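# Structure at a glance
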Amino acid sequence: MNAIRYFSKFGHSKQMAEAIEQIVGAKATTVAEPLGQPVEVLFLGAGLFLGKVNSAVTEFIGTLTPEMVQTVVLFGSSAIIDSPVPQMRKALEARGIKVCDKSFSCKGSMGPLHSGHPNAEDIEAFRTFAQSIIQR
Ligand SMILES: Cc1cc2nc3c(=O)[nH]c(=O)nc-3n(C[C@H](O)[C@H](O)[C@H](O)COP(=O)(O)O)c2cc1C
């Protein structure tokens with residue numbers, strides 16, 4: 001069984017998460033929803049705000065254990081900094097949870113900056129990425 005969780009203030013991570021539902025074979029829900037049962041691959045995504053991922057994401061990570069999750073695959077979008085992924089990776093690895101060496105990041109609009117992102121091309125690239133992970 002796989003799972004998808006996200007935190008999304010402007011709908012960017014939500015849009016990304018929902019785009020991979022069929023590929024991953026799981027419904028995308030927010031980090032407010034506990035895993036409930038052990039999963040093989042957990043896709044976890046978020047954006048960045050004032051340089052940080054929202055505390056709801058770190059709180060969710062705090063509920064995870066290596067027994068509950070075999071591998072986490074991280075994704076996200078941001079406007080200024082390269083990616084929200086390193087922060088999430090650090091928090092997960094601190095809990096002894098295996099994080100996939102591959103992750104997906106793209107631009108996420110902030111007002112006029114990177115307007116329209118994630119766009120159709122970003123979403124398609126994310127789908128291709130998710131497919132490559134699931135086929136491994
Ligand atoms: C108030 C605000 C603060 C932001 N702060 C940052 C930031 O510090 N670094 C960054 O790279 N992007 C920043 N962004 C851009 C967001 O990370 C980007 O819009 C992201 O796609 C949001 O994803 P979400 O809609 O899934 O929450 C900010 C956006 C807003 C509106």
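Structural notes, computed from the coordinates. (Residues numbered from 1 in each chain as written. Predicted model: local features only at pLDDT ≥ 70, side-chain atom pairs only at ≥ 80, totals over all residues.)

## Observations concerning the site of the ligand
The immediate surroundings of the ligand are formed by 19 residues, with Phe10, Ser13, Gly47, Ser78 and Gly108 found nearest. If you list the elements that add at least two residues to the shell around the ligand, you get α1 (12-19) and β4 (69-78). Residues of the shell around the ligand, tallied by class, amount to 8 nonpolar, 10 polar and 1 charged. (Near = placed C-beta within 6 Å. Helix = DSSP H or I, 4+ residues; strand = E, 2+ residues; numbered from the N terminus. Nonpolar A, V, L, I, M, F, W, Y, C, P; charged D, E, K, R; others polar.)

## Considerations on the sheet that holds strand β1 (residues 3-6)
Judged by pairing direction, the sheet is parallel, and its 5 strands sit side by side in the order β2-β1-β3-β4-β5 without closing on themselves. The strands lining the two open edges of the sheet, one partner per strand, are β2 (28-30) and β5 (104-107). Averaged over neighbouring strand pairs, the angle between their axes works out to 20° when direction is ignored. Where strand β3 (residues 39-47) lies against β4, 8 bridges are found, and the strand directions are parallel. Looking at β4, one finds that valine 39 is bridged to valine 69. Along the sheet face, α1 touches β1, β2, β3 and β4 and points at about 150° away from the line of β3. On top of the sheet, helix α4 (residues 85-94) reaches β3, β4 and β5; it is set at about 155° to β4, its chief contact. (Pairing = 2+ DSSP bridges. Axes fitted to C-alpha atoms, helices over the stretch in contact; angles between N-to-C directions. Contact = placed C-beta atoms within 7 Å.)

## As for unusual backbone geometry
Of note, the amide linkage connecting histidine 117 to proline 118 takes the cis form, showing an omega dihedral of 0°. Positive phi outside glycine occurs at leucine 50, with the angle close to 50°. Along the polypeptide, leucine 50 turns up in the loop between β3 and α3 (55-61). Despite not being glycine, histidine 114 shows a phi value in the positive range, around 55°. A tally of 18 C-beta atoms within 10 Å means that histidine 114 is categorised as partly exposed. (Buried ≥ 20, exposed ≤ 12 C-beta atoms within 10 Å, placed from the backbone.)

## A few points about the pairing of β1
Covered by surrounding structure in β1 are Ala3 and Arg5 together with Ile4 and Tyr6, the residues of both alternating faces. The pairing of β1 with β3 spans 4 bridges and is parallel. Each residue of the ladder has a partner; that of isoleucine 4, found in β3, is phenylalanine 43. Direction of pairing for β1 relative to β2: parallel, over a ladder of 3 bridges. The residue of β2 that forms the bridge with arginine 5 is threonine 29.

## Quick look at the environment of isoleucine 20
Relative to the helices and strands, isoleucine 20 is located in the loop between α1 and α2 (21-24). As a C-alpha pair, isoleucine 20 and phenylalanine 43 span 23 residues in sequence and 9.3 Å in three-dimensional space. Other than its neighbours up to four places away in sequence, isoleucine 20 contacts Ile4, Phe43, Phe126, Arg127 and Ala130.

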